[in-house]
Amino acid sequence: MKIAIGNDHTALEMKRAVKEHLEQRGYEILDLGTDSSESCDYPVYGEKVGKAVASGQADLGIAICGTGVGISLAAGKVKGIRACVCSEPYTARLSRMHNDSNVLAFGARVIGIEMAKMITDAWLDATFEGGRHQRRVDMIMAIENQAG
Ligand code: RB5
């Protein structure tokens, strides 16, 4: 499975740690940057992660900024993306099982690196349950497809 990962300047160290952790777990990583600690604009990287997942270039995406909020908002604007910010593993797990989230975000200024790894593992180890949840996810995506 290929995971796209993107981050802004606040999250360089966390991105590197999560990336290494995932590589150790056998995932293929598509690192979309930034790889610099110079101030940059998180929407650029949120969009890159969203587009990599929506196009099928990656199966799932992880987006990290200071809070996780800005970069998740940007990723979620890409058609087909269900991005969520998670600061603990329970929400991350349920976001896969019930909401079929396809981009996970978290904040490098909010949680520590070990928590980021735990959240990532909980998210990747969970499976979408379908059934009534599929109907609800379809309702979400129908909103996206409405004109105006
Ligand atoms: C950068 O200062 C900060 O605004 C960004 O990392 C993120 O937290 C935005 O939501």
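Above this text is the structure in question.
The present account deals with the structure reproduced in this document. No experiment lies behind these values; they were computed from the predicted model shown. (Residues numbered from 1 in each chain as written. Predicted model: local features only at pLDDT ≥ 70, side-chain atom pairs only at ≥ 80, totals over all residues. Heavy atoms only, no water.)

1. Section: the site of the ligand
In the vicinity of the ligand, the contacting residues are D8, T10, Y42, C65, G66, T67, G70 and R109. Between G66 and the ligand, the recorded distance is 2.7 Å, taken from a backbone N or O atom to an oxygen atom. Taking G70, its main chain carries an N or O atom lying 2.9 Å from an oxygen atom of the ligand. Contact with the protein chains covers 70% of the free accessible surface of the ligand, which is 290 Å². Split into classes, the residues belonging to the shell around the ligand amount to two nonpolar, four polar and two charged. (Near = heavy atom within 4 Å. Polar contact = N/O pair within 3.5 Å; in protein donor to acceptor, adjacent residues only side chain to side chain. Areas by Shrake-Rupley, 256 points an atom, 1.4 Å probe, with all protein chains shown as cover. Nonpolar A, V, L, I, M, F, W, Y, C, P; charged D, E, K, R; others polar.)

2. What to know about the side chain of K117
Along the chain, K117 turns up in helix 5 (residues 113–125). Apart from residues lying up to four places away in sequence, K117 is in contact with A17 and H21. (Helix = DSSP H or I, 4+ residues; strand = E, 2+ residues; numbered from the N terminus. Contact = heavy atoms within 4.5 Å.)

3. Digging into the pattern of salt bridges
Under the definition given, this model contains 11 salt bridges. The partner of K2 in a salt bridge is E28, and the shortest N-O contact between them spans 3.8 Å. One end of the pair, K2, is in strand 1 (residues 2–7); the other, E28, is in strand 2 (residues 28–31), with 26 residues separating them in the sequence. R25 serves as the salt-bridge partner of D121, at 2.7 Å between the closest nitrogen and oxygen. Pair noted here: D121 is in helix 5 and R25 is in the loop between helix 1 (12–24) and strand 2, with a separation of 96 residues, a long-range link. Judged by its relative accessible area of 19%, D121 is buried. (Salt bridge = Lys/Arg side-chain N within 4 Å of Asp/Glu carboxyl O. Buried < 20%, exposed > 50% of the residue type's maximum accessible area, 1.4 Å probe, protein only.)

4. As for the sheet that holds strand 3 (residues 60–65)
Spatial ordering of the open sheet is given by 2-1-3-5-4, a layout of five strands whose pairing is parallel. Edge positions in the sheet fall to strand 2 and strand 4 (83–85), since each has one partner strand and no second. Strand-to-strand twist of the sheet, defined as the mean angle between neighbouring strand axes without regard to direction, takes the value 25°. Relative to strand 5 (residues 103–107), strand 4 runs parallel, the two sharing three bridges. Bridging from a neighbouring strand, V85 pairs with A105 of strand 5. Contacts from helix 2 (residues 42–54) reach strand 1, strand 2, strand 3 and strand 5, with the element oriented near 170° to strand 1. (Pairing = 2+ DSSP bridges. Axes fitted to C-alpha atoms, helices over the stretch in contact; angles between N-to-C directions.)

5. Points about the nonpolar core
If you look at the biggest cluster of nonpolar residues, it comprises 21 residues, and the most contacted ones within it are I3, V18, L22, I62, L104 and F106. Secondary structure elements with two or more residues in this core: strand 1, helix 1, strand 3, strand 5 and helix 5. Tallying contributions element by element places helix 5 first for this core, with four residues. Residues A75, I81, V103 and A105 belong to the second largest nonpolar core, which totals 12 residues. (Core = buried A, V, L, I, M, F, W, Y, C linked by side-chain atoms within 4.5 Å.)

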